[in-house]
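Descriptive structure summary
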2 protein chains.
Amino acid sequence: MATGRTHRPATRSRGIPEATVARLPLYLRALTALSERSVPTVSSEELATAAGVNSAKLRKDFSYLGSYGTRGVGYDVEYLVYQISRELGLTQDWPVAIVGIGNLGAALANYGGFASRGFRVAALIDADPAMAGTPVAGIAVQHTDDLDRIISDNGVSIGVITTPPGAAQQVCDRLVAAGVTSILNFAPTVLSVPEGVDVRKVDLSIELQILAFHEQRKAGEDAPAEGEDPEAPPMRATPASRKGPDGDMPAVMPA
Amino acid sequence: MATGRTHRPATRSRGIPEATVARLPLYLRALTALSERSVPTVSSEELATAAGVNSAKLRKDFSYLGSYGTRGVGYDVEYLVYQISRELGLTQDWPVAIVGIGNLGAALANYGGFASRGFRVAALIDADPAMAGTPVAGIAVQHTDDLDRIISDNGVSIGVITTPPGAAQQVCDRLVAAGVTSILNFAPTVLSVPEGVDVRKVDLSIELQILAFHEQRKAGEDAPAEGEDPEAPPMRATPASRKGPDGDMPAVMPA
DNA sequence: CCATCTTTGTGCACGCGTTCACAAAGACAT
DNA sequence: ATGTCTTTGTGAACGCGTGCACAAAGATGG
């Protein structure tokens, strides 16, 4: 293996840690901003600060991609933008389908960030017949009945679910059956998918609850310990009154 | 998923691991569903499956809260719902303010999940004077000029930012100055906050890019072997043409 | 009261991710 | 060329989170 190049392509396609992949978009964003300001190069320190991470971590992350920096100087902004874009697969077009056109679905359809990096809203799908044909963000909403065809015709491999939780799994199954292999789920439900299908979830409720936990902690720091009686309370119901059979969630969606 | 807190050792005081805290809402959701079906008890195995996690992990998570299960039987659903709710601080009321009432902000305001667990939309704030007074989800939008007063008067400690990225940091600073100590950021920007303030982020663009990475990987498995010239491309300019001055982002927001 | 069966709670080992700290690489001046 | 200075790339240590595997606890039945 001496033929070598300065760096080893060994770890290339295979070994990029998941944590690193999750940070690449962050670096890319910071780099794009620098690129627009025509900044030619950046040091790991500067870029790390801009991306809100540790410089050592950034260098290690980049080391998984290869040796793209110049010691004593830093990284070439344009070059790095290209390399990361390529690594993330953003140099190609990704048609995306959004299923569930309610408040959230419509908001996402109008989201400018979609089109910015190779992502293109190829179709909007909803179960409400009344919505069929209605234009949202310039795209006519199509009915769920045609889901399979829509996915196939547009070569959609990434689906976004913004339906009420009760419909999420069913929609997910249909998307997968139609060929979708990556799903971004906004419905507060645990989706089960076959091997090979990636699911990422965005859950407002969970995020708020995590914040509440820390908030309570902060508030309680000066207050007395909790020794009082952690288990005296009602052995029975939840503090808040239950509402529908779907007490937990959602309904960003309309119909 | 989303999220990223500003670095910090955290979790020092009460010892509950951050990873566990992040899963508690998931357990709570599953438990609530069981509760509504009047199921009295569940085994770690069943609950774990419902929450989409490993049973050993679930048991270990619960062990941080205390020994709330009964060997040979399982966990008392109602009791556990209460314990987790209490631990997460959901037994109290959390007034939340949403800043930036565009498509996304409005969608969140209408989000049913907000009210479900102690979270209450206390105020909607926007910088557009024309929106002041306009009711969204039954709440009149207020102008940014009154932000400080609004936060103080309502005792808001959790703020949600759904503004364009350019305004996010400024809004964040004002929220923090007004007393907010937890922020949920939907704007694609790295927010810098003082010690003691928690920030969690939800970034659609990043999630999609992560999915694209894996999608590309899957597609490339059977496709052509690469390895040839990882760096043949342009050393100078970016492959894609630059677009707007905000190439990266967002704009879910209107005005 | 004893035996058996179920399920929890946890000690332990492993692997990933983070961070430190530094040698090596290159730029730049003399 | 040689020396100095800057910044990368990475070896190594550390800490957190995960999952295994099992002993202990309690239920249940005879």
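In this report, we go over the structure that sits alongside the text. (Residues numbered from 1 in each chain as written. Chains lettered and ligands numbered in written order. Predicted model: local features only at pLDDT ≥ 70, side-chain atom pairs only at ≥ 80, totals over all residues. Heavy atoms only, no water.)

**Structural notes on the packing of helix 7 (residues 147-154) of chain B against helix 8 (residues 165-178) of chain B**
Residue and element names in this part refer to chain B. Applicable threshold: Only the stretch in contact is used when fitting a helix axis, every axis being a line fitted to C-alpha atoms; angles between N-to-C directions are given from 0 to 180 degrees. Helix and strand labels come from DSSP, where a helix needs a run of H or I of at least four residues and a strand needs a run of E of at least two; each type is numbered from the N terminus. An angle counts as roughly parallel when it lies under 35 degrees, as roughly antiparallel when it exceeds 145, as roughly perpendicular when it falls between 65 and 115, and as oblique in every other case. Crossings are sorted by hand: turned counterclockwise from the far helix by less than a right angle, the near helix makes the crossing left-handed, and turned clockwise it makes it right-handed. Residue contacts are defined here by distance: any two heavy atoms, one from each residue, within 4.5 Å place the two residues in contact. Charged residues are taken to be Asp, Glu, Lys and Arg, nonpolar residues to be Ala, Val, Leu, Ile, Met, Phe, Trp, Tyr, Cys and Pro, and polar residues to be all remaining types, Gly included.
One way to put it is that helix 7 packs onto helix 8 with a least axis distance of 9 Å and a crossing angle of 40°. Our classification of the angle between helix 7 and helix 8 gives oblique. For the crossing formed where helix 7 meets helix 8, the hand is right-handed. Contacts from L147, D148, I151 and S152 of helix 7 reach helix 8 at R174, L175 and A178. The residue inventory of the contact of helix 7 with helix 8, partitioned by class, reads 4 nonpolar, 1 polar and 2 charged.

**Comments concerning unusual backbone geometry**
All names here are of chain A. Counted only if it meets this: Accessible area is worked out with a 1.4 Å probe on protein chains only. A residue is then buried under 20% of its type maximum, exposed over 50%, and partly exposed in between.
One non-glycine residue, S38, lies in positive phi territory at about 60°. Tracing the backbone through its elements, the reader meets S38 in the loop between helix 1 (18-36) and strand 1 (41-42). The class of S38 is exposed, set by a relative accessible area of 60%.

**Topic: the sheet that holds strand 3 (residues 74-76) of chain B**
Residue and element names in this part refer to chain B. The condition that has to hold: At least two bridges found by DSSP between two strands are what make those strands a pair.
Strand order in the open sheet formed by 3 strands is 1-3-2, and the pairing between neighbours is antiparallel. At either margin of the open sheet sits one strand with a lone partner, and together these are strand 1 (41-42) and strand 2 (69-70). Relative to strand 3, strand 1 runs antiparallel, the two sharing 2 bridges. Across the sheet, V42 pairs through a bridge with Y75, a residue of strand 3.

**Some points on the protein's contact with DNA strand C**
The cut-off we apply is this: Throughout, the term near means that a residue has one or more heavy atoms lying within 4 Å of the molecule or strand in question. Each polar contact in these results corresponds to two N or O atoms within 3.5 Å; when the atoms are within protein, one needs to be able to donate a hydrogen and the other to accept it, and residues that are neighboring in sequence are counted only if both atoms are side-chain atoms.
Residues in close proximity to DNA strand C total 25 residues, the closest being R23 and R71 of chain A together with S44, R71 and Y75 of chain B. When atoms of DNA strand C within 4 Å of the protein are sorted by moiety, sugar and phosphate together comprise 61%. Note that a base oxygen of DNA strand C is positioned 3.1 Å from one of the side-chain N or O atoms of K60 of chain B. Here a phosphate oxygen of DNA strand C sits 3.1 Å away from a polar atom, N or O, in the main chain of G69 of chain B. Among the elements of the structure, helix 1 and helix 3 (55-65) of chain A together with helix 3 (55-65), strand 2 and strand 3 of chain B are those that each provide at least two residues to the surface near DNA strand C. Ranked by the residues each element gives to the surface near DNA strand C, the list is headed by helix 3 of chain A, at 4 residues. A class-by-class count of the residues in the surface near DNA strand C yields 7 nonpolar, 9 polar and 9 charged.

**Remarks on the protein's contact with DNA strand D**
Surveying the vicinity of DNA strand D reveals 25 residues, the closest of which are S44 and Y75 of chain A together with K57, K60 and R71 of chain B. Within 4 Å of the protein, the contacting atoms of DNA strand D are drawn from sugar and phosphate to the extent of 62%. Between DNA strand D and K57 of chain B there is a distance of 3.1 Å, counted from a phosphate oxygen to a side-chain nitrogen or oxygen. Take R71 of chain B: an N or O atom from its side chain is 2.7 Å from a base nitrogen of DNA strand D. Listed by contribution, the elements that provide at least two residues to the surface near DNA strand D are helix 3, strand 2 (69-70) and strand 3 (74-76) of chain A together with helix 1 (18-36) and helix 3 of chain B. Ranked by residue count, the leading element in the surface near DNA strand D is helix 3 of chain B, at 4 residues. For the surface near DNA strand D, the class distribution of residues is 7 nonpolar, 9 polar and 9 charged.

**Some remarks on the side chain of R23 of chain B**
Residues and elements named next belong to chain B. Position of R23 among the secondary structure elements: in helix 1. Relative accessible area serves as the criterion here: at 17%, R23 is assigned to the buried category. In this structure the side chain of R23 is engaged in a polar contact, spanning 2.7 Å, whose partner is the side chain of D61. Those residues in contact with R23 that lie beyond four places of it in its chain are V53, K57 and D61.

In short, shape yes, function no, at least from these values alone.
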